[in-house]
Amino acid sequence: MSLQIPPADRAVLDRREKIVAALRAIVPGEGVIAGEREMRPFESDGLTAYKQLPMVVVLPETTEQVSQVLAYCYAEGIKVVPRGAGTSLSGGALPLEDGVLLGMAKFNRILEIDFENRLAVVEPGVTNLAVSNAAAHAGFYYAPDPSSQIACTIGGNVAENSGGVHCLKYGMTTNNLLGCEMVLITGEVIRLGGKHLDAGGYDLLGIVTGSEGLLGVVTQVTVRLLKMPETARALLIGFPSSEDAGECVGKIIGAGIIPGGMEMMDKPAIHAVEQFVHAGYPLDVEALLIVELDGPQAEVDHLVARVEALARQCRVVSCKVSASEDERLLFWAGRKAAFPAVGRISPDYYCMDGTIPRAKLPQVLKRMRELSDKYGLRVANVFHAGDGNLHPLILYDANKPGELEKTEEFGAEILKLCVEVGGVLTGEHGVGVEKRDLMPAMFSEIDLNQQQRLKCAFDDKGLLNPGKVFPQLHRCAELGRMHISGGKLPFPDIPRF
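Scope of this entry: the structure provided in the associated data block. (Residues numbered from 1 in each chain as written. Predicted model: local features only at pLDDT ≥ 70, side-chain atom pairs only at ≥ 80, totals over all residues. Heavy atoms only, no water.)

Our focus in this paragraph is the overall build of the protein chain. A tally of helices and strands in the protein chain yields 16 helices and 19 strands. Projected onto its principal axes, the C-alpha positions of the protein chain cover 75 × 55 × 50 Å. A total of 497 residues make up the protein chain; the buried ones form 54% of that total. Of all intrachain contacts in the protein chain linking residues separated by at least 6 positions in sequence, the fraction that spans at least 24 positions is 71%. (Helix = DSSP H or I, 4+ residues; strand = E, 2+ residues; numbered from the N terminus. Buried < 20%, exposed > 50% of the residue type's maximum accessible area, 1.4 Å probe, protein only. Contact = heavy atoms within 4.5 Å.)

Dropping the structure here:
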């Protein structure tokens, strides 16, 4: 007896087969993945609480292939989710059941290193750290350095406007980006910026940076290279409380000192990291600051002394200055291994990302401790103290019924708190699906509509990464009216694992 497939399901299968065949004609060989088992590695990004198999995965190798794939999807009304290395912590690369997942991992070449103009031209699949490694022999490097830089890619950095421990002094991705090549959903290829330092007209490059794959697919990136500083030294400064550490952060910035990096960890994070990396962190303190000062030798020596003096005004418990380059790198190795280190002490953790004014740091940390008691969940705090970018790690066990939901409620309260004190919902991880429904806490409906009008200018059918960033979706035609009235499209349910 043959299996009877309902007509509706048969139509879906036929459409999928047609799409897969069309994509294979564009990207031959192993560039199209359609088997369920083979697609499993793509079902989630770094926000592993949510999983969804895509309809099909396509892995193009050239800009022309990307152009043809997008043009085909546009003509057929097929949704597309761009994906880099999948290290996003906000669900920005979460696939759609009825969408094509466009993976950019094969765009992994460094095309040009131009030391005279202090820049590099790379493909979006090149890892962040690879850019610095390629320029190191001439004494140059790429400044933004997310903790995941060994794995995260430049294309993903552009999509999320990534930062890192040195963004306080040297800026986020947007401050180190000169140009990009991007393919629109229609298949058209455009170039924004370039090797020059500035361009006329609207700052479209600024719009694309941090747009989370909603406006186009980047296929080439031109980044700024910096000369390595002559000297760099790091201080490990321990405090009896997080409030004292927060006060010290304010004093350092208030004194006009801009460290190369300034990071903070609380006691749970300190102990987890020290057990994992053995970086020499003090275990008898409640909070730890890592302050890096760089520049000419005389300037660094002077600033080290000033920072030590400021720390003494904040009831410092211990202070250690790196005595060698290896020791400085070890200090940072601990900080950059904080996320996997915390993973060793809890079955699961939920990494948050909100930004607050520096002066509000003691107040926010106090309130977070109260919320921890309220929800009965531990928190390990690791964050970019200099620019107020918090990364609380909420520790939980997904195997306990209801604990993930409780964790999400806790995280939402932290993000709302950030907005209440004058901060923002995200510093570098993006909105994705994680913070999507919290956007009204920060933006009015007028604000959100205006942002969606911009998306419509690039993607009039709403096919690029739908379901991300915006808590409610309007048709582009409706957003063209002076008054929006109804007609809102429901978002698909977020699949939870």
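What follows is about the pattern of salt bridges. Pairs can form between side chains of opposite charge once their charged atoms are near each other. Throughout the structure, instances matching the rule amount to 29 salt bridges. Here E263 ties to R335 by a salt bridge, and the two come within 2.8 Å at their closest N and O atoms. With E263 in strand β13 (residues 261-266) and R335 in helix α11 (residues 325-336), the pair connects residues that are 72 residues apart, well separated along the chain. With a shortest N-O distance of 2.6 Å, E325 and R328 are connected by a salt bridge. In this pair, E325 and R328 both sit in helix α11, 3 residues apart, roughly one turn of the helix. A relative accessible area of 40% means that E325 is categorised as partly exposed. Residue R328 is classed as buried on the basis of its relative accessible area of 11%. Overlapping salt bridges, with partners in common, bring together R10, D14 and E17 in one network. (Salt bridge = Lys/Arg side-chain N within 4 Å of Asp/Glu carboxyl O.)

What follows covers the packing of helix α8 (residues 242-254) against helix α13 (residues 361-375). Two numbers describe a pair of packed helices, the interaxial angle and the distance between the axes. For the pair α8 and α13, the least separation of the axes is 8 Å and the interaxial angle reads 155 degrees. Taken together, the axes of α8 and α13 are roughly antiparallel relative to one another. Crossing hand, α8 versus α13: right-handed. Within the contact between the two elements, α8 uses S242, E243 and G246 and α13 uses L361, P362, L365, K366 and R369. (Axes fitted to C-alpha atoms, helices over the stretch in contact; angles between N-to-C directions. Parallel < 35°, antiparallel > 145°, perpendicular 65-115°, else oblique. Left-handed = near helix turned anticlockwise from the far one by under 90°.)

Here we come to the state of the cysteines. Applying the stated criterion across every chain yields a total of 1 disulfide. Here C152 stays free of any disulfide, with the sulfur of C167 as its closest cysteine sulfur at 13 Å. (Disulfide = S-S within 2.5 Å.)

Attention now goes to the environment of A412. With respect to the secondary-structure elements, A412 resides in helix α14 (residues 403-420). As a C-alpha pair, A412 and T426 span 14 residues in sequence and 12 Å in three-dimensional space.

Bringing the sheet that holds strand β2 (residues 56-58) into the picture now. If you trace the 4 strands from one edge of the open sheet to the other, you get β1-β2-β4-β3, paired in mixed fashion. A strand with exactly one partner marks an edge of an open sheet, and here the two such strands are β1 (32-33) and β3 (79-83). Note: β1 against β2, 2 bridges, orientation antiparallel. Across the sheet, residue V32 finds its bridge partner in β2, namely V58. Against the sheet, helix α3 (residues 63-76) makes contact with β2, β3 and β4 (99-103), and its axis sits at roughly 170 degrees relative to β4, the strand it touches most. (Pairing = 2+ DSSP bridges.)

Our focus in this paragraph is unusual backbone geometry. Note: most residues except glycine have negative phi, and most peptide bonds are trans. The backbone of R315 sits at a positive phi, close to 60 degrees, despite the residue not being glycine. Checked against the element boundaries, R315 lands in the loop between α10 (297-312) and β15 (318-321).

Further remarks concern α13. End to end, α13 covers 21 Å across 15 residues, agreeing with the expected 21 Å (1.5 Å per residue, within 8%). The complete set of buried residues in α13 reads L361, V364, L365, M368, L371, S372 and Y375. Looking straight down α13, one finds its buried side chains confined to an arc of 120 degrees; they lie on one side. Counted as exposed and oriented over 90 degrees from the buried face of α13: D373 and K374. G376 lies just past α13 and shows a positive phi near 65 degrees. (Expected span 1.5 Å × (residues − 1). Arc of directions from axis to C-beta.)

Take the pairing of strand β18 (residues 379-384) next. Within β18, 6 of the 6 residues are buried, which leaves the element mostly enclosed by the surrounding structure. Because side chains alternate across β18, one face comprises the buried residues V379, N381 and F383, and the other comprises A380, V382 and H384, equally buried. Alignment of β13 against β18, held across 3 bridges, turns out to be antiparallel. Counterpart to M265 in the pairing with β18 is V382. Where β18 lies against strand β19 (residues 389-396), 6 bridges are found, and the strand directions are antiparallel. Paired with F383 across the two strands is L390, which belongs to β19.

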